[in-house]
Amino acid sequence: LSTYYVSPSALFLDAPIASRDVIRSQLGFKPVDRIYGCLQTFYKISPVMIRIFAGILRGDSNAVLVLSNCYPYPKSLAAQLIASGGEEWNSEFKRRIRWFPPLDKRRYLALVSICDIHLDPTPFGGCNTSYDAFDFNIPVITLPSSKISGRFTFGLYKKMDADTGVDIVKDVVATTPESYIARAIEIASNPKLRNMISRKIENGKRSIFMCSNVITEYEALFNNALHNGIH
């Protein structure tokens with residue numbers, strides 16, 4: 001890994017947050033809602049990701065999509081959303097999208113914790129947001145791209161597999177937008193499957209939080225550079 005990452009809840013929460021059911025109720029979610037979180041800045045929401053959003057909302061009648069409006073979404077993106085879903089975006093889809101403004105860390109982590117599943121954007125992926133989800137043992141669906149920015153979540157899953165043998169990559173890594181949609185809906189709507197994957201994350205995440213070999217490898221890199229006269 002490239003970073004020594006401390007658990008967000010350990011770093012920012014001085015007391016436990018409320019239970020999942022309490023937070024969902026406080027935020028106005030219904031018991032039947034399946035919450036798909038994608039709390040990303042607008043530049044990560046590509047046309048491919050918009051197609052994925054539309055596919056999930058069409059395929060899961062209980063899906064509620066949670067998005068961030070920390071930064072104003074450009075008109076071009078709004079137009080893409082409407083074009084991808086047609087009239088559905090102006091009627092049913094619009095009612096099943098919840099936008100959240102900038103939140104303090106405690107309220108943000110509370111929102112992360114109530115999602116049934118998180119959606120890693122593609123082709124420009126997430127990193128911090130995936131760590132946030134993993135902190136609460138929540139599955140993150142990812143479709144790795146060819147660039148490093150779209151492979152962080154994939155890399156975290158691979159490290160869990162390599163270090164702990166939880167065998168999770170096959171459960172959560174998509175190969176096409178269509179398989180992304182299908183897998184997201186399957187996991188979100190199947191509590192038994194979702195709980196199984198959550199247990200894998202719980203058992204595997206120790207390899208991605210506070211990873212000490214990151215420090216030793218950086219030390220070796222810098223010491224080698226100094227030894228060879230590189231400043």
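Residues numbered from 1 in each chain as written. Predicted model: local features only at pLDDT ≥ 70, side-chain atom pairs only at ≥ 80, totals over all residues. Heavy atoms only, no water.

S.K.: Got a minute to help me understand the overall build of the protein in this structure?
M.R.: When you go through the protein residue by residue, the secondary structure sums to 13 helices and five strands. If one aligns the C-alpha atoms of the protein with their principal axes, the spans along those axes are about 65 × 35 × 35 Å. For the protein, the residues scored as buried account for 48% of the 231 residues in total. A separation threshold of at least 6 residues defines the contact pool for the protein, and within that pool the share at least 24 residues apart is 76%. Element-wise, carbon and sulfur atoms account for 58% of the exposed surface of the protein, whose accessible area totals about 11,700 Å². Positive and negative side-chain charges in the protein, numbering 27 and 21 respectively, have mean positions lying 3 Å apart. (Helix = DSSP H or I, 4+ residues; strand = E, 2+ residues; numbered from the N terminus. Buried < 20%, exposed > 50% of the residue type's maximum accessible area, 1.4 Å probe, protein only. Contact = heavy atoms within 4.5 Å. Areas by Shrake-Rupley, 256 points an atom, 1.4 Å probe, with all protein chains shown as cover. Lys, Arg positive; Asp, Glu negative; His and termini not counted. Charge placed at Lys NZ, Arg CZ, Asp CG, Glu CD.)

S.K.: So what exactly am I meant to see when it comes to the layout of surface pockets here?
M.R.: Using a probe with the size of a water molecule, rolled over the atoms, empty space left in the structure can be pinpointed. Taken as a whole, the second largest pocket encloses approximately 200 Å³ of empty space. In terms of lining, the second largest pocket is formed by Ile17, Ala18, Ile23, Gln26, Leu27, Phe100, Leu103, Arg106, Arg107, Ala110 and Leu111. The set of elements that each furnish at least two residues to the lining of the second largest pocket consists of helix H2 (20–26) and helix H7 (105–114). It is H7 that provides the largest number of residues to the lining of the second largest pocket, a total of four residues. Across the lining of the second largest pocket, the residue classes tally to eight nonpolar, one polar and two charged. (1 Å grid on protein atoms, 1.4 Å probe; cavity = no way out; pocket = protein on both sides within 12 Å on 5 of 7 lines; lining within 4 Å. Points joined across faces, edges and corners; volume = space filled by probe spheres on them. Nonpolar A, V, L, I, M, F, W, Y, C, P; charged D, E, K, R; others polar.)

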